[in-house]
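Structural characterization, general
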Amino acid sequence: MAVVTGERRVVSVLFADIVNSTGIGERLGPERSKFLFDEVIRLMSEQVERYGGTVAQRIGDEVYAVFGAPRAHEDDSERAVRAALAIQRALAQYSAEVEAAYDVKLSARISINTGPVVINEESEDPYNALGDTVNVAARIQELAGPGGIVVGHA
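None of the values given here were measured: they were computed from a predicted structure.

What counts and how
Residues numbered from 1 in each chain as written. Predicted model: local features only at pLDDT ≥ 70, side-chain atom pairs only at ≥ 80, totals over all residues. Heavy atoms only, no water. Axes fitted to C-alpha atoms, helices over the stretch in contact; angles between N-to-C directions. Helix = DSSP H or I, 4+ residues; strand = E, 2+ residues; numbered from the N terminus. Parallel < 35°, antiparallel > 145°, perpendicular 65-115°, else oblique. Left-handed = near helix turned anticlockwise from the far one by under 90°. Contact = heavy atoms within 4.5 Å. Nonpolar A, V, L, I, M, F, W, Y, C, P; charged D, E, K, R; others polar. pLDDT = per-residue confidence, 0-100. Phe/Tyr/Trp six-rings, centres within 6.5 Å; stacked < 30°, edge-to-face > 60°. Buried < 20%, exposed > 50% of the residue type's maximum accessible area, 1.4 Å probe, protein only. Expected span 1.5 Å × (residues − 1). Bend = angle between axes of the 7 residues up to and from the residue. Salt bridge = Lys/Arg side-chain N within 4 Å of Asp/Glu carboxyl O.

With respect to the packing of helix H1 (residues 21–50) against helix H2 (residues 76–102)
Here H1 crosses H2 at 155°, and the two axes come no closer than 9 Å. In terms of their interaxial angle, H1 and H2 are classed as roughly antiparallel. Remark: the crossing between H1 and H2 carries right-handed chirality. When H1 is examined against H2, the residues Arg27, Leu28, Arg32, Phe35, Leu36, Glu39, Val40, Leu43, Met44, Gln47, Val48 and Arg50 are found in contact with a partner set consisting of Ala83, Ala86, Ile87, Ala90, Leu91, Tyr94, Val98 and Tyr102. Class assignment of the residues belonging to the contact of H1 with H2 gives a composition of 15 nonpolar, one polar and four charged.

Re the confidence of the model for the chain
Interpretation of this model should avoid reading the predicted coordinates in detail wherever pLDDT is low. Looking at the chain as a whole, its pLDDT mean stands at 91, while 93% of the residues score no less than 70. When the elements of the chain are averaged for pLDDT, strand S5 (residues 129–130) gives the smallest value, 82, and strand S6 (residues 149–151) the largest, 97.

Describing the packing of aromatic side chains
On inspection of all chains with the given rule, the structure shows one aromatic pair. Ring plane angle 10° and centroid distance 4.9 Å describe the contact between Phe15 and Tyr64, whose orientation is recorded as stacked. Note that Phe15 is positioned in strand S1 (residues 6–18) and Tyr64 in strand S3 (residues 62–67), a separation of 49 residues in sequence. Take Tyr64: its relative accessible area is 5%, and that puts it in the buried class.

Examining H1
The first and last C-alpha atoms of H1 sit only 25 Å apart over 30 residues, clearly below the 44 Å expected at 1.5 Å per residue. Largest kink in H1: about 125°, centred on Gly29, with the proline Pro30 one to four residues after it. At the exit of H1 stands Gly52, carrying a positive phi of roughly 85°.

Quick notes on the pattern of salt bridges
Taken as a whole, this structure holds eight salt bridges when the rule is applied. Of the charged contacts, one joins Arg27 and Asp103 as a salt bridge, the two residues approaching to 3.3 Å between their closest N and O atoms. Taken together, the residues span a long stretch of sequence, with Arg27 in helix H1 and Asp103 in the loop between H2 and strand S4 (108–120) at a distance of 76 residues. According to the relative accessible area criterion, Asp103 is exposed, its value standing at 52%. Here Asp38 and Lys34 are joined by a salt bridge, their closest N and O atoms 2.4 Å apart. Taken together, the residues span about one helical turn, with Asp38 and Lys34 both in helix H1 at a distance of four residues. Using a relative accessible area of 41% as the deciding quantity, one classes Asp38 as partly exposed. Each of the salt bridges in this network shares a partner with another, and the network as a whole consists of Glu39, Arg42 and Glu46.

Below is the structure:
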């Protein structure tokens, strides 16, 4: 069995994903939807970074962020929640513009979970957090309704 090397840390993991992105993409076509989702990713990433988080991955219309790596703060879980609220506010403002222009409503589902992970030092991405904390954060995202935020127990 291979041993994973890395640093064990307690982090807060945030996933933010656009609701009905497939339908939006079908309605707008590839060029318009690429422009739209690039702007959405920029808005979400900006809020994560504003509150001291690190965007670990951008995948299509989803952002996966870590609060507590590479730099830890005593209030990383609070920072993650504040970032989630700021993402929802920024998307609501942008959604008004998008709805006026394209008759498409934007909303996101956001999940946050806090717990131990191993930051995989051998990964191409130095902020690749591994562990149940990340898996749970990804799974509970479905519990958030459009425009909602779900926060794990910890």
